[in-house]
Amino acid sequence: MEGFRITGGERIEGRVRLEGAKNAVLPILAASILPQGDVVIRDCPDIRDVHAMAGILSRLGCRCRWQAGEMTVCNQGLHNWEMPDALSKQIRSSIFLLGPILARMRRATVTYPGGCDIGLRPIDLHLKGLRALGVVIVDDGGILYCDGRNMHPGDVYFDYPSVGATENVMMAAALLPGVTTIHNAAREPEIADLQRFINGMGGCIRGAGTQVIEIQGVQRLEGITYAPISDRIGAGTLLCAGAITGGTVELTNACPWDLLPVTEKLREMGCTIRTEGELMLLEAKERLSAFSRLQTQPHPGFPTDMQAQMLACASVAHGTSVIVENVFENRFAQAADLTRMGANILVSGRMAVVQGVDALHGARVCARDLRGGAALVLAGLAAQGETVVENAALVDRGYAHLEDTLSSLGAKIQRIQL
Ligand code: UD1
């Protein structure tokens, strides 16, 4: 097993250029099987989830090549509609492939997906959306046999704006002649990016970013070279690294508008944040102040993927902070490890009450999910002494060589074998 060894106490200072967003690239990779031509994704992050997704695409018959930040997907050899069980259990986003496989091959076989252990994570909304498009789905002991021979456009209503289910239906309907409408669609920026990607290939989708998305199916899509939006969660994590160490962080290639919920909270904690076009600059004061209340919500509310990092920041802020996690039911896994480092956190159900302490101390802790692992790294940067964060592989799912990025900003962090 690999881990990170961190010697805390160094101020983070410097500039980072952000890469493409994990949560934009994963559905875009899934949608890469839709066109009759090659897809090249620029700024494609070197993260485990991306390589796992490319592995699944290869098993379906595509050729995927990642080189120097560019992923090329050649889908000419696409022939398989069965998703490999072991691989799809590695990443939850494998479920995104259901829509595109059905769009291209009119049948698909998948197993229930895996991913971070942050809650039940059912896929009922994905299945409901596809059934509304005429897909017949039989669940045989966890294997889903999907028959799309009678697929048709339709009206889809989600009683919760699921990101993945919205994307799945967009991709399934992109090649279905007629108009499909999604009501109460998720509004995350990555959904608008998927619309831009599909439309760039010749698709006809409008409304992404609002609650109603209209997909006019087209006969065929063409290949494309595309640069996805930058990673707002990666950006937020680096801003938190600056905030928790009393440092200064400059981000280029950022989307400041998409980060508003996070930057507003960091301002509440006493950070100064300036933005100019795609540039963001955070300057933290010596000690953070607590925030009154943080509630995670679907976009444009506060993103659940930034909650763990804010919990780490709140651990050393002056005063009491309250966090309510509304999106996933099990997303305070890192609280126990933060407590080992000296934090004062009370978790009750979906709420965490954090009484900020003057200082954390280093400890041996373990990443239990992707963002929780990043939160422990942040805590290690601020802690006195040495911290070891076990299970770097979970962090590698969503951050490309996090230790290199943080080292370039002055942190003392290295990857170690455990
Ligand atoms: C995506 C993001 C993930 C982020 C999440 C919420 C990607 C690759 N992942 O995940 O990083 O944390 O959005 O912003 O983009 N739900 C159901 N039934 C379903 C689907 C979802 O009940 O069929 C529930 C989930 O259990 C969860 C909530 O809806 O409680 C939100 O999930 P969803 O928006 O679907 O998140 P993902 O697409 O899995």
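We now turn to the structure provided with this report. Since we're looking at a predicted model, the values are computed, not measured. (Residues numbered from 1 in each chain as written. Predicted model: local features only at pLDDT ≥ 70, side-chain atom pairs only at ≥ 80, totals over all residues. Heavy atoms only, no water.)

**Some details on the sheet that holds strand β1 (residues 2–7)**
Inference 1: Spatially, the 4 strands line up as an open sheet ordered β21-β22-β1-β23, and their pairing is mixed. Strands at the two margins of the open sheet, each flanked by one partner only, are β21 (364–366) and β23 (412–417). The average angle at which neighbouring strand axes cross in this sheet is 25°, direction not considered. (Pairing = 2+ DSSP bridges. Helix = DSSP H or I, 4+ residues; strand = E, 2+ residues; numbered from the N terminus. Axes fitted to C-alpha atoms, helices over the stretch in contact; angles between N-to-C directions.)

**Points about the site of the ligand**
Inference 1: Around the ligand sit 19 residues in total, of which D124, L125, S162, D305 and V327 are the nearest.
Inference 2: With respect to the ligand, the backbone of L125 contributes an N or O atom lying 2.7 Å from an oxygen atom.
Inference 3: With the chains in place, 88% of the 730 Å² that the ligand exposes on its own is no longer accessible.
Inference 4: For the shell around the ligand, the secondary-structure elements that each account for two or more residues are α5 (124–131) and α6 (163–173).
Inference 5: The biggest single contributor to the shell around the ligand is α5, with 3 residues.
Inference 6: Taken together, the residues of the shell around the ligand sort by class into 8 nonpolar, 6 polar and 5 charged. (Near = heavy atom within 4 Å. Polar contact = N/O pair within 3.5 Å; in protein donor to acceptor, adjacent residues only side chain to side chain. Areas by Shrake-Rupley, 256 points an atom, 1.4 Å probe, with all protein chains shown as cover. Nonpolar A, V, L, I, M, F, W, Y, C, P; charged D, E, K, R; others polar.)

**Notes on the nonpolar core**
Inference 1: Counting residues in each nonpolar core, the largest one holds 74 residues, and the members touching the most others are L29, L97, L98, M170, F197, I198 and I213.
Inference 2: The contact partners of I213, leaving out residues within four places of it in the chain, are T166, M170, T180, T181, I182, A185, I191, I205, R206, G207 and A208.
Inference 3: Residues L282, A335, L338 and V389 belong to the second largest nonpolar core, which totals 71 residues. (Core = buried A, V, L, I, M, F, W, Y, C linked by side-chain atoms within 4.5 Å. Buried < 20%, exposed > 50% of the residue type's maximum accessible area, 1.4 Å probe, protein only. Contact = heavy atoms within 4.5 Å.)

**Here's the deal with the sheet that holds strand β7 (residues 136–140)**
Inference 1: The strand order β6-β8-β7 describes an open sheet built from 3 strands, whose pairing is antiparallel. In this open sheet, the two strands that pair with only one neighbour each are β6 (107–111) and β7. When the angles between neighbouring strand axes are averaged without regard to direction, this sheet yields 15°.
Inference 2: In the sheet, β6 pairs with strand β8 (residues 143–147) via 5 bridges, with the strands oriented antiparallel. Bridging from a neighbouring strand, T109 pairs with Y145 of β8.
Inference 3: Against the sheet, helix α4 (residues 98–105) makes contact with β6 and β8, and its axis sits at roughly 155° relative to β6, the strand it touches most.

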